[in-house]
Structures are given as structure tokens and as C-alpha cells.
Amino acid sequence: MNAGALIAGTPGAPTVMLIHGLASSYRVWDRVLPKIETEANVVAAQLESDHSIERDADDVAALLRSPAVIVGHSRGGLVATALAERHPELVSALLLLCPPWSQASRMSARTPIERVLAVPGVGELMWAVASPKRQRVAQQSAFGPGVTVPDQFVADARARGRRNFVRSTQAIDTYLGARTLADRLTSLQVPTELVFGGLDARVASPAREFAELRHATVRVLPGVGHTPPWEAPDVVADMIGSTLRSTTLATATEPRARRAGRR
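Residues numbered from 1 in each chain as written. Predicted model: local features only at pLDDT ≥ 70, side-chain atom pairs only at ≥ 80, totals over all residues. Heavy atoms only, no water.

Visitor: With reference to specific residues and values, describe the overall build of the protein.
Guide: For the protein, the helix and strand inventory stands at eleven helices and seven strands. Since a compact globule built from 263 residues should have a radius of gyration of about 18 Å, the 18 Å found for the protein is in line with a globular shape. If you line up the protein on its principal axes, its C-alpha atoms span 60 × 40 × 35 Å. The buried share of the protein, reckoned over its 263 residues, is 52%. Total accessible area on the protein is roughly 12,300 Å²; 55% of this is exposed by carbon and sulfur atoms. Side chains of the protein give 30 positive and 25 negative charges; the mean places of these two sets differ by 1 Å. (Helix = DSSP H or I, 4+ residues; strand = E, 2+ residues; numbered from the N terminus. Rg over C-alpha atoms; globule rule 2.2 N^0.38 Å. Buried < 20%, exposed > 50% of the residue type's maximum accessible area, 1.4 Å probe, protein only. Areas by Shrake-Rupley, 256 points an atom, 1.4 Å probe, with all protein chains shown as cover. Lys, Arg positive; Asp, Glu negative; His and termini not counted. Charge placed at Lys NZ, Arg CZ, Asp CG, Glu CD.)

Visitor: Which residues make up the environment of P88, and what values go with them?
Guide: Tracing the backbone through its elements, the reader meets P88 in the loop between α3 (75-86) and β5 (91-97). When its relative accessible area of 49% is taken as the criterion, P88 is described as partly exposed. In sequence terms P88 and P67 are 21 residues apart; their C-alpha atoms lie 8.6 Å from each other.

Visitor: Could you give an account of the sheet that holds strand β2 (residues 15-19), with specific residues and numbers?
Guide: Sheet architecture is open: seven strands sit in the order β1-β3-β2-β4-β5-β6-β7, paired in mixed fashion. Each edge of the sheet is formed by a strand with only one pairing partner; in this case those strands are β1 (3-9) and β7 (216-221). When strand polarity is set aside, the average angle formed by the axes of neighbouring strands in this sheet is 20°. Two strands pair when backbone bridges link them, and β2 and strand β4 (residues 68-73) are joined in this way by five bridges, in the parallel orientation. Across the sheet, T15 pairs through a bridge with A68, a residue of β4. Most of the contacts of α3 go to β5, to which it runs at about 160°, and overall it touches β2, β3 (41-47), β4 and β5. (Pairing = 2+ DSSP bridges. Axes fitted to C-alpha atoms, helices over the stretch in contact; angles between N-to-C directions. Contact = heavy atoms within 4.5 Å.)

Visitor: If you had to explain the confidence of the model for the protein to someone new, which residues and values would you point to?
Guide: When pLDDT is averaged along the protein, the result is 90, and 93% of the positions lie at 70 or above. Taken as a whole, residues 256-263 scores under 50 in pLDDT and shows five contacts with residues more than four places along the chain or in a different chain. (pLDDT = per-residue confidence, 0-100.)

Visitor: Let's hear about helix α8 (residues 181-188): which residues, and what values?
Guide: Listing the buried residues of α8 in full gives L181, A182, R184, L185 and L188. Within α8, the buried residues cover an arc of 160° as seen down the axis, which keeps them to one side. Packed against the buried residues of α8 are α3, β5, α7 (151-178) and β6 (192-197). Count one or two residues on from α8 and you reach Q189, which has phi positive near 60°. (Arc of directions from axis to C-beta.)

Visitor: Can you break down the packing of α3 against α7 residue by residue, with the values?
Guide: The geometry of α3 relative to α7 is characterised by a closest axis approach of 11 Å and an angle of 50° between their N-to-C directions. Here α3 is positioned oblique relative to α7, judged by the angle of their axes. Every pair of crossing elements has a handedness; the one defined by α3 and α7 is left-handed. Residues R75, L78, T81, A82 and E85 of α3 pack against S168, A171, I172, Y175 and L176 of α7. (Parallel < 35°, antiparallel > 145°, perpendicular 65-115°, else oblique. Left-handed = near helix turned anticlockwise from the far one by under 90°.)

Put into C-alpha cells, the structure is as follows:
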């Protein structure tokens, strides 16, 4: 298994799995975790992200022992979706924050810089000589205008390395090239909330792509960029809490015969 996890919160409480995005770490949840730890048993995954979305989903599954609310940010939203596809018994609900939903939705992935990074030799040199200032500038598109890029985000991206970054971003295109996110969620029928930043410079906000999904809702956060867990932690924590309460209520009111059938 190529995954670790930060375990926090309240033992015995309903479980929330937090999955970070591309070139990131569990630290993206630093502002959210203190706001949910009294009502949830929190598992914040730390993925190697050096292989397929499906492989990452299997690594996340190995960290869980019971059904959980799965919260995924950006690429982590695709890992969360793959987890529901491959291990549905472990997923009670999905909360997807700024997930890329098609190859074309990935605005920043088509920039000249990211294309050059994928070229052997040239990409390696570009990564190696990039100054801390240049690295910080590259991270700015992950946040809304005026938001200072945290040092930890720059350090996380640097620690991942170019090879990891390139393979991780290619895995996104492979996963979405096979089936779009809307198509995958249609097949799942899992209670899902999709959240997009109104000022997201990395993933385009969908128009009608999810309109036909009866089990999913779409929300746009005004004034927020690509990283709601950092930019709007109160809002994200409230959404997690609301999802927790609704899934707990649904389980409590579920017909006894159906619950018995799960054992």
C-alpha cells in the first residue's frame, strides 16, 4: 500500500475520509480539521499519487474499516469517486470539492508550462532550476485573487517532485478520458455534493453537465478559488457536518430488514 494517514477527531464517531489533490498533502485540511473533530472520526489520507486514480482509491480503501463520508479535493475528488466505484460498501456519501469533471475542464493542465514539464530532460531541468519565488507563482492559480500561497503548499509540491507531478496529472486525464465524472456519478447513485469555486482558475465550473443527476447537488462558492479547504474552511466544515448528520439520520431510519441484510 502506498498511502498513510493522519488520524484525528473523536473515536467512535462517524468516519470522515479526507483526500487531498494533485501535488498536495493532508495538510490542505489543516483549517478544516479542528472544526469537525468533535463530531467525526477523521482519516486524512496521504497518497503517493504516483500511479492510477484507481490504485489510489484502493490504497484509500485499505485505510477504512467501515462506511464513511468521503471528501475529496480536486484530484482527490476523482479518487473518492473511484473509491465509490470499486468499494461501494465503504462510501456513505461523497463531497467533491473542485473536481476536474472532464479533460477539457482542466484549464491549467493545458498551459505551456505544464506541457513542457512532461517532456523528459527539458521538464526535469525546468523543475530543478525553478526558484522558490517561481514555485510560489505557479501555485497561485490554486487560490483566489489576493490569497497568499501558504509555505506548506509550496513545500508539498516541491517534495512531490516532477516525476510524481507528471504521472499524477496524466492519471487524471486517463481516468476522465475513459468516462467523464458525470457519467461515473450517474452509474453510482451515491448521495453526492459537488462544490466549485466561483473564482477557480484551474477547473472550469460546469454548466449543465450534472443537471440530470437526481442524487447530486451542485454548489458554487462566490469569491473562492480552487482550494475551498483553505480559503473557506468554515463553509467546508459546515458541509461536512451537514453530510454527516444526513447520512447518520438516513442510516438510523433505514428499514431494519435492509440493515440486517448488510451484515
